[in-house]
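Here are the chains, one letter per residue:
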Amino acid sequence: MALRPARPADAPAITRIFQAARAHSLAYLPILHTDAEDHAFFARSVERGDVTVAESGGAVVAFLALDGEEIDHLYVDPRHHRQGQGAALLGHAQAAREHLELWVFQRNLNAIAFYEAHGFAIVASTDGADNEEREPDHRMAWSAATRPGTAPVPTRG
């Protein structure tokens, strides 16, 4: 497995991974966008930068999109679940940032457990009224200061 910055030519593979992963793990969500809209969205994300892909056997099998300290998307092709690509992408993002946050649907128990295993904690919950899917979600956060073996930063008082 190799990690690298996404290239414009990766947008179709990223779109397929997003759609396949949502159909597999989040089948309860409504389909809100056409294939063309999904592709245009991910093509713009790649152009903006801060999208990292994981390759296996020369094919893109997972991706992580960041917007500053926000993890916008982390999806793994269902045929590659539990093979370390998601953990590698998340670890790469954690190594590059001091703090990360994300939204996760409350029903996505596997994702919540994955993020908690990587040091994230739920910091807020909503009824879903403000997300496009209208699905209850959690805000999760991680800080390098809470990384095991990291001493807290002293404060003046």
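Residues numbered from 1 in each chain as written. Predicted model: local features only at pLDDT ≥ 70, side-chain atom pairs only at ≥ 80, totals over all residues. Heavy atoms only, no water.

> Describe in detail the overall build of the protein chain, supporting the description with residues and values.
Within the protein chain one finds 4 helices and 7 strands. For the protein chain, the α and β elements follow one another from N to C terminus as β-α-α-β-β-β-α-β-α-β-β. Relative to its length of 157 residues, the protein chain is compact, with a C-alpha radius of gyration of 16 Å against a globular reference of 15 Å. Principal-axis analysis of the C-alpha atoms places the extent of the protein chain at approximately 55 × 35 × 30 Å. Going through the 157 residues of the protein chain one by one, you find that 41% of them count as buried. In the protein chain, the proportion of contacts linking residues at least 24 apart, taken out of those at least 6 apart, comes to 64%. For the protein chain, the computed accessible surface area is about 8,900 Å², with 53% contributed by carbon and sulfur atoms. Side chains of the protein chain give 14 positive and 21 negative charges; the mean places of these two sets differ by 5 Å. (Helix = DSSP H or I, 4+ residues; strand = E, 2+ residues; numbered from the N terminus. Rg over C-alpha atoms; globule rule 2.2 N^0.38 Å. Buried < 20%, exposed > 50% of the residue type's maximum accessible area, 1.4 Å probe, protein only. Contact = heavy atoms within 4.5 Å. Areas by Shrake-Rupley, 256 points an atom, 1.4 Å probe, with all protein chains shown as cover. Lys, Arg positive; Asp, Glu negative; His and termini not counted. Charge placed at Lys NZ, Arg CZ, Asp CG, Glu CD.)

> Outline the packing of aromatic side chains, listing residues and values.
Enumeration according to the criterion identifies 8 aromatic pairs in this entry. Ring centres of Phe42 and Phe63 lie 5.5 Å apart, and the angle between their planes is 75 degrees; this geometry places the pair in the edge-to-face category. Linking Phe42 in helix 2 (residues 35-48) with Phe63 in strand 3 (residues 59-67), this pair joins segments that are 21 residues apart in sequence. A centroid spacing of 5.2 Å and a plane angle of 70 degrees characterise the contact between Phe114 and Tyr115, whose relative ring orientation is edge-to-face. By relative accessible area, Phe114 is classed as partly exposed at 24%. The structure contains a cluster of three or more aromatic residues connected by ring pairs, namely Phe18, Phe41, Phe42, Phe63 and Tyr75. (Phe/Tyr/Trp six-rings, centres within 6.5 Å; stacked < 30°, edge-to-face > 60°.)

> Kindly report on the packing of helix 1 (residues 11-25) against helix 2, identifying the contributing residues and their values.
Axis separation between helix 1 and helix 2 bottoms out at 9 Å; the angle between their running directions is 120 degrees. Judged on the interaxial angle alone, helix 2 and helix 1 are oblique. At the point where helix 1 passes helix 2, the crossing takes the right-handed sense. Residue-level contacts link Ala11, Pro12, Ile14, Thr15, Phe18 and Gln19 of helix 1 to Asp35, Asp38, His39, Phe42, Ala43 and Val46 of helix 2. Class assignment of the residues belonging to the contact of helix 1 with helix 2 gives a composition of 7 nonpolar, 3 polar and 2 charged. (Axes fitted to C-alpha atoms, helices over the stretch in contact; angles between N-to-C directions. Parallel < 35°, antiparallel > 145°, perpendicular 65-115°, else oblique. Left-handed = near helix turned anticlockwise from the far one by under 90°. Nonpolar A, V, L, I, M, F, W, Y, C, P; charged D, E, K, R; others polar.)

> Would you mind going over the nonpolar core in detail, with residue names and values included?
Judged by nonpolar contacts, the single largest core of 20 residues is most densely connected at Ile71, Tyr115 and Phe120. Listing elements by their share of this core, those giving two or more residues are strand 3, strand 4 (70-76), helix 3 (85-96), strand 5 (99-105), helix 4 (109-117) and strand 7 (137-143). Setting aside residues up to four positions removed in sequence, Phe120 forms contacts with Ile71, Leu90, Gln94, Leu100, Leu102, Tyr115, Met140, Ala141 and Trp142. Ile14, Ala21, Leu26 and Tyr75 belong to the second largest nonpolar core, which has 17 residues in total. (Core = buried A, V, L, I, M, F, W, Y, C linked by side-chain atoms within 4.5 Å.)

> Outline the pairing of strand 3, listing residues and values.
In terms of burial, strand 3 is largely enclosed, as 7 of its 9 residues are buried. Sheet analysis places strand 2 (residues 51-56) next to strand 3, joined by 6 bridges and oriented antiparallel. Note on strand 3: the bridge partner recorded for Val53 is Phe63. In this antiparallel pair of consecutive strands, strand 2 and strand 3, the connection spans 2 residues, and Gly57 shows a positive phi of 60 degrees. In this structure, strand 3 lies alongside strand 4, joined through 6 bridges in antiparallel fashion. Looking at strand 4, one finds that Leu66 is bridged to Ile71. Taking the residues that link successive antiparallel strands as the turn, the strand 3-strand 4 hairpin has 2 residues, and the phi of Gly68 there is positive, at about 70 degrees. (Pairing = 2+ DSSP bridges.)

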